[in-house]
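# Close look at the chain arrangement
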Protein chains: 2
Amino acid sequence: MIESTLVSVDVIALRFDPDARAVLLGVAPRAHEPFAGELALPGVLLGRGERLRDATTRAVTGKLGLAEKSITATGQLATFDEPSRDPRGPTLSIALWATTTRPGENGHLTWARLDDVPALAFDHNRIVADCRPLLADKLWRDVRFTAGLLGREFTTAQALDVTESLTGDRPYPANLGRTMDRVPGLERTTQHASALPKGGRPPLVWRFTAGAAPA
Amino acid sequence: MIESTLVSVDVIALRFDPDARAVLLGVAPRAHEPFAGELALPGVLLGRGERLRDATTRAVTGKLGLAEKSITATGQLATFDEPSRDPRGPTLSIALWATTTRPGENGHLTWARLDDVPALAFDHNRIVADCRPLLADKLWRDVRFTAGLLGREFTTAQALDVTESLTGDRPYPANLGRTMDRVPGLERTTQHASALPKGGRPPLVWRFTAGAAPA
DNA sequence: ATAATAGTGTCTGTCAGACATTATGCG
DNA sequence: CGCATAATGTCTGACAGACACTATTAT
C-alpha cells in the first residue's frame, strides 16, 4: 500500500470594500512554524472524509477569525502539487475561493488589495497569481461568486470597482451595464442609491433576485 | 493531528479515432474489489510526494496498458469530494485528462464514444459528465490539449469530427477554419491529404509548429 | 453656475452562425 | 459527366470597445 499524501486546503478569501473601492484578499500571520509570524493564506489540513466546502469554512473562521455566517459563497480553483512547496514534506494544496461582505473583527487579519499582495508564506504568492485569472473569469459568469462578492444589492459604481480590481482594467459604464443586463438573476432597478458626501449623481441600484446570497 | 484523507486520481483518457471519426474515452474493467470486473476510468491512489502528472501516467499505463511514450499531454480538470463516492471509505478524487494518439494493445482496454459512455464504477459517470464541458472548453484554447488529441498534423475534416465529439454539434467548415487561424502555433498549409477511398476532394492539412506534441 | 459623479446613445470593428456557391478528386 | 467530399465568399446579428453627450446632485 502506498503511503498517502497530505492534503491541505488554501483559501483565497475575498471581500469588496466600498470605501477602498477595491477587492481585498484576506491574509493572516501564521501561528506556528514553519513561517511563524509571516502572512499566509488561510489554510488547513483536510480531514478524512471532510468536504472541501467544510474545510474552506474551517480555514476562514479559524485562521481569519470571520464568523461562519459571514461567508457568502465558496468554490474550487485549482490544485498545486509541487512536492517542495511545504518544507515539512510533500503536501498537495487545493486552492479554493470564499467570499464575504464583512470585514471581521480579528486584529491579526489583514485585508490586502489584490493588486498589491504582500509577500506570503509557502508558495502562496504563486497560488494567488495563478488563480487571479480564474477569479476574473468567474465575475459576471458564476452568479454565486459575483453575488457573494457584491451582496444582494449594489450600485453600478461598485460593479465598476470590482471589475477593475479583478480584471485589471475599468470597463466603460455603458458596456458593463449591457454585460450585467445579460446576467441571469440580476436586475437593474430604477432606484438610486443615496448620494455620496462629495456630490454627484447618485448611482443606480442593481439587485440579485433568486439564487443570490444575502448581504 | 487530523487523520489524513486518501487521494485518488482518475483520468479521462482521450483518443481521436480517425476511422470512427470520433473522440473516444479509454476505460478498462477493474481488477479488484470493489466493482471488480466493471468498467471504470483508469485511477490510482496518489503516492506521497507524487506529482499529479506522474500519477496520471501511472494510471494510464497501469490500468489501460498504454505505453508511457504514447501519452501526448496531460492536465487538471476538477476535484470531487463526495465522501460516499468510494464504498471503502471517504476518498478525494482529482480528475485529470490525458491524450494519446494510439489505440494501445491491451485486450481489456475499451474505447467508448464520448456520447455513448457505458455504465462505469464509482461516480465515474458523473465525473465524465461534469468534466465534459471543461474538455470542450479546452479545444482550440489549450494548445497542449488540442495538439495532444489531434497530433502534429491533421486535416480540416478531422478537426470537424473532434469538435463535434467534444461540443456536441458540428461547426460549419468556414467558421472552424477561422477559429483555427486564430490558434497560436497552428498553421494552415497548402498541402492536401491523400484522398479518401470513397472519392471526394482531399482535405487541407493543418500543422502545429512550436510547442506541439509529436504524433 | 461649477464641480463631481453617473447614465445613455451610438459608431466601430470583431466574430460566430449560417448558407450558397465553387473547387477537387474518383469512377 | 455525375457523385462525393471539401473549401470559400459573404450576409447577418450579437457583442465588446470607445466616446461624446446628457443627467443629477452638492456647494
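Residues numbered from 1 in each chain as written. Chains lettered and ligands numbered in written order. Predicted model: local features only at pLDDT ≥ 70, side-chain atom pairs only at ≥ 80, totals over all residues. Heavy atoms only, no water.

Per an unreviewed UniProt entry, chain A is named DNA hydrolase, and its organism is Lentzea guizhouensis.

### Brief notes about the overall build of chain A
Rules: In this description a helix means any DSSP run of H or I spanning at least four residues, a strand means any run of E spanning at least two, and both kinds are numbered starting from the N terminus. We compute the radius of gyration over the C-alpha atoms and compare it with the globule rule, which gives 2.2 Å times the number of residues raised to the power 0.38. Exposed residues in this analysis have more than 50% of their type's maximum accessible area, buried residues have under 20%, and partly exposed residues fall in between, with area computed by a 1.4 Å probe over protein chains only. Residue contacts are defined here by distance: any two heavy atoms, one from each residue, within 4.5 Å place the two residues in contact. Where accessible areas are quoted, they stem from the Shrake-Rupley method and a 1.4 Å probe; at the residue level, only the protein chains shown are allowed to cover. Just so you know, the count uses Lys and Arg for positive and Asp and Glu for negative, and it drops His and the chain ends. The location of each charge is read from NZ of Lys, CZ of Arg, CG of Asp or CD of Glu.
Per the secondary structure count, chain A includes five helices and 10 strands. A compact globule built from 215 residues should have a C-alpha radius of gyration of about 17 Å, and chain A, at 18 Å, falls within 12% of that. Along the longest, intermediate and shortest principal axes, the C-alpha atoms of chain A span 65 × 35 × 30 Å. Here chain A, with 215 residues, has 50% of them falling under the buried criterion. Restricting to contacts in chain A with at least 6 residues of sequence separation, those with at least 24 account for 63%. Here chain A has roughly 10,300 Å² of accessible surface; of this, 51% comes from carbon and sulfur atoms. Taking the 26 positively charged and 25 negatively charged side chains of chain A as two groups, their mean positions are separated by 7 Å.

### Let's talk about the sheet that holds strand S9 (residues 186-192) of chain B
All names here are of chain B. Condition: Should DSSP find at least two bridges between two strands, the strands are regarded as paired. A fitted line through C-alpha atoms serves as each axis, taken over the contacting stretch for helices, and the angle formed by two N-to-C directions is quoted from 0 to 180°.
One open sheet holds the three strands; their spatial order is S8-S10-S9, and the pairing between them is antiparallel. Strand pairing shows two members of the sheet lacking a second neighbour, strand S8 (153-155) and S9, which therefore form its edges. Adjacent strand axes in the sheet meet at a mean angle of 35° when their direction is disregarded. Here four bridges tie S9 to strand S10 (residues 204-208), and the two strands are oriented antiparallel to one another. In the strand pairing of S10, Glu187 is matched with Arg207.

### Some words on helix H4 (residues 156-167) of chain A
Given 3.6 residues per turn, any residue in an α-helix points the same way as the ones three and four places further on. Residues and elements named next belong to chain A. Convention followed: Here the expected length of a helix is defined as 1.5 Å per residue gap, with one fewer gap than residues.
End to end, H4 covers 16 Å across 12 residues, agreeing with the expected 16 Å (1.5 Å per residue, within 8%). Among the residues making up H4, those that are buried are Thr156, Ala159, Leu160, Asp161, Val162, Thr163, Ser165 and Leu166. Residue Gly168 follows H4 closely and has a positive phi angle near 100°.

### A closer look at the protein's contact with DNA strand D
Condition: Whether a residue is near a molecule or strand is decided by its heavy atoms; if any one of them lies within 4 Å of it, the residue is near.
By nearness alone, 22 residues border DNA strand D, and A:Arg182, A:Gly200, B:Thr156, B:Arg201 and B:Leu204 come closest of all. Expressed as a percentage, the sugar and phosphate content of the atoms of DNA strand D within 4 Å of the protein is 61%. Listed by contribution, the elements that provide at least two residues to the surface near DNA strand D are helix H5 (173-181) of chain A together with helix H4 (156-167) and helix H5 (173-181) of chain B. It is H5(B) that provides the largest number of residues to the surface near DNA strand D, a total of three residues.

### Some words on the relation of the copies chain B and chain A
Quick note on the threshold: Here the copies are superposed with least squares, the fitted atoms being C-alpha atoms of residues at a pLDDT of at least 70 in both.
Rotating chain B by 180° and translating it 0.1 Å along the rotation axis places it on chain A, where the RMSD comes to 0.0 Å. The superposition of one copy onto the other is thereby described by a two-fold rotation axis. Interface overlap between copies is the fraction of interface residues in one copy that are interface residues in the other; for chain B against chain A it reaches 100%, indicating a shared surface.

### With respect to unusual backbone geometry
Residues and elements named next belong to chain A. A cis amide bond links Glu33 to the next residue, Pro34, at an omega of -5°. Along the chain, the position of Pro34 falls in the loop between strand S2 (22-29) and strand S3 (39-40). The backbone phi angle of Trp140 is positive, close to 70°, even though this residue is not glycine. Counting through the fold element by element, Trp140 comes out in the loop between helix H2 (124-138) and helix H3 (143-150).

### Some details on the domain arrangement of chain A
Residues and elements named next belong to chain A. The following threshold applies: Residue ranges for the domains trace back to a domain assignment, done automatically or taken from a database. Accessible area that two parts lose when put together, evaluated with a 1.4 Å probe and summed over both, is termed the buried area. Basic side-chain nitrogens of Lys or Arg form a salt bridge, by our definition, when they fall within 4 Å of a carboxyl oxygen of Asp or Glu.
When the domains of chain A are assigned, the result is domain 1 (4-138) and domain 2 (152-208). Taking only C-alpha atoms into account, the centre of domain 1 sits 27 Å from that of domain 2. On the side of domain 2, seven residues touch domain 1, which itself brings nine residues to the contact. Summing both partners gives a buried area of about 780 Å² for domain 1 against domain 2, and 60% of it is carried by carbon and sulfur. Our count for the contact surface shared by domain 1 and domain 2 stands at one salt bridge. Taking the shortest distance from any N to any O, the salt bridge between Asp161 and Arg21 comes out at 3.2 Å.

### Quick look at the protein's contact with DNA strand C
This is how the line gets drawn: Contacts described as polar in this section are N or O atom pairs within 3.5 Å, which, within protein, must combine one atom able to donate a hydrogen with one able to accept it, while residues neighboring in sequence count only if both atoms come from side chains. In this classification, Asp, Glu, Lys and Arg are treated as charged, Ala, Val, Leu, Ile, Met, Phe, Trp, Tyr, Cys and Pro as nonpolar, and every other residue, Gly included, as polar.
Neighbouring DNA strand C are 21 residues; A:Arg201, A:Leu204, B:Asn175, B:Arg182 and B:Arg201 lie closest to it. A breakdown of the atoms of DNA strand C within 4 Å of the protein gives sugar and phosphate a share of 58%. Contact distances for DNA strand C include 3.1 Å between a base oxygen and a backbone N or O atom of A:Arg201. B:Arg178 has a polar side-chain atom sitting 3.4 Å from a base nitrogen of DNA strand C. Elements that contribute at least two residues to the surface near DNA strand C include exactly H4 and H5 of chain A together with H5 of chain B. Among the residues forming the surface near DNA strand C, the class breakdown is eight nonpolar, six polar and seven charged.

### Brief notes about the packing of aromatic side chains
Our working rule: Note on ring pairs: Phe, Tyr and Trp rings are taken, using the six-membered ring of Trp, and paired if centres are within 6.5 Å. Classes follow the plane angle, with under 30 degrees stacked, over 60 edge-to-face and the rest tilted. By the criterion adopted, a ring carries a charge over it if an Arg CZ or a Lys NZ lies within 6 Å of its centre and within 35 degrees of its normal.
For the coordinates displayed, the defined rule picks out eight aromatic pairs over all chains. For the pair B:Trp97 and B:Phe145, a centre-to-centre distance of 5.0 Å together with 85° between the ring planes defines the contact as edge-to-face. Of this pair, B:Trp97 sits in strand S6 (residues 91-100) while B:Phe145 sits in helix H3 (residues 143-150); the two residues are 48 residues apart in sequence, bridging distant segments of the chain. A:Arg15 extends its terminal NZ or CZ atom over the ring of A:Trp111, reaching a point 4.8 Å from the ring centre.

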